[in-house]
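This is what each chain is made of:
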Amino acid sequence: MVVNVVRSSGMNGGRENLFKAISSDTRLSILEHLSEGDKHISGLAREIGISVPVAARHIKILEKAELVERKKFGNTHMIGIKLNNVYSFLDHFAENRRLEVEQGTTLLEALKNVAAVEVTKMGNRVKVVSTDGEEGFYVYEVDGKFSDKTVDEYEFHEDAVVEWKKLVPITKKRLLVSIRR
């Protein structure tokens, strides 16, 4: 039985397009500004301090890499970031490890074969609190599906791909709240 343990968890547009897209400070600035929400291309150009034609060329490169999308409302074009593709891009850099285990081996036993794992018992559930010295909250998927079993309960009975994920605090939305005076 082969269990492929993938740490952390594609991306369309091709690697060449993707690396070209993120190789520019201007395009990174565009992505940063779009993280605030969809923007009209002329407003985006004004915020960044570039001309609309230059912004349009950069947007085309980001579109080709599928990091942004254009939404058309009549003659108005709004540009928005495709966050899921940004996250998928980062998944390309996950560490891949192969190992072979006996049928009935638990995920915890398999994981201990490829990483230094620290666990803690919370009630009747075992939680991994550190992997290779990195503390945090960890979850896993087997063949793309979350399991309701803990790492010491999940047993392998067939080949599988496990994605071991450390939940990293990523700000999904930021609210800038002002009190009216």
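Procedures and definitions
Residues numbered from 1 in each chain as written. Predicted model: local features only at pLDDT ≥ 70, side-chain atom pairs only at ≥ 80, totals over all residues. Heavy atoms only, no water. Helix = DSSP H or I, 4+ residues; strand = E, 2+ residues; numbered from the N terminus. Buried < 20%, exposed > 50% of the residue type's maximum accessible area, 1.4 Å probe, protein only. Contact = heavy atoms within 4.5 Å. Pairing = 2+ DSSP bridges. Phe/Tyr/Trp six-rings, centres within 6.5 Å; stacked < 30°, edge-to-face > 60°.

A. Layout of the environment of threonine 26. Residue placement: threonine 26 occurs in helix H2 (residues 25-34). For threonine 26, a relative accessible area of 24% corresponds to the partly exposed category. Those residues in contact with threonine 26, other than ones at most four positions away along the chain, are Ile50 and His58.

B. Representation of the sheet that holds strand E6 (residues 117-122) in the model. Pairing in this open sheet of three strands is antiparallel, and the strands run E6-E7-E8 from one edge to the other. Lying at the two open borders of the sheet, with one neighbouring strand each, are E6 and strand E8 (134-135). Bridge analysis of E6 against strand E7 (residues 125-131) gives six bridges, and the strand direction is antiparallel. The residue of E7 that forms the bridge with methionine 122 is arginine 125.

C. View of the packing of aromatic side chains. Per the counting criterion, the structure on display carries four aromatic pairs. Where tyrosine 140 meets tryptophan 164, the ring centres are 6.5 Å apart and the plane angle is 20 degrees; that geometry is what we call stacked. You can see tyrosine 140 sitting in strand E9 (residues 137-142) and its partner tryptophan 164 sitting in strand E11 (residues 160-167), a full 24 residues away along the chain. With respect to burial, tyrosine 140 and tryptophan 164 carry one shared label: buried. Pairing tyrosine 154 with phenylalanine 156 gives two aromatic rings, centres 5.3 Å apart and planes at 70 degrees, and the pair type is edge-to-face.

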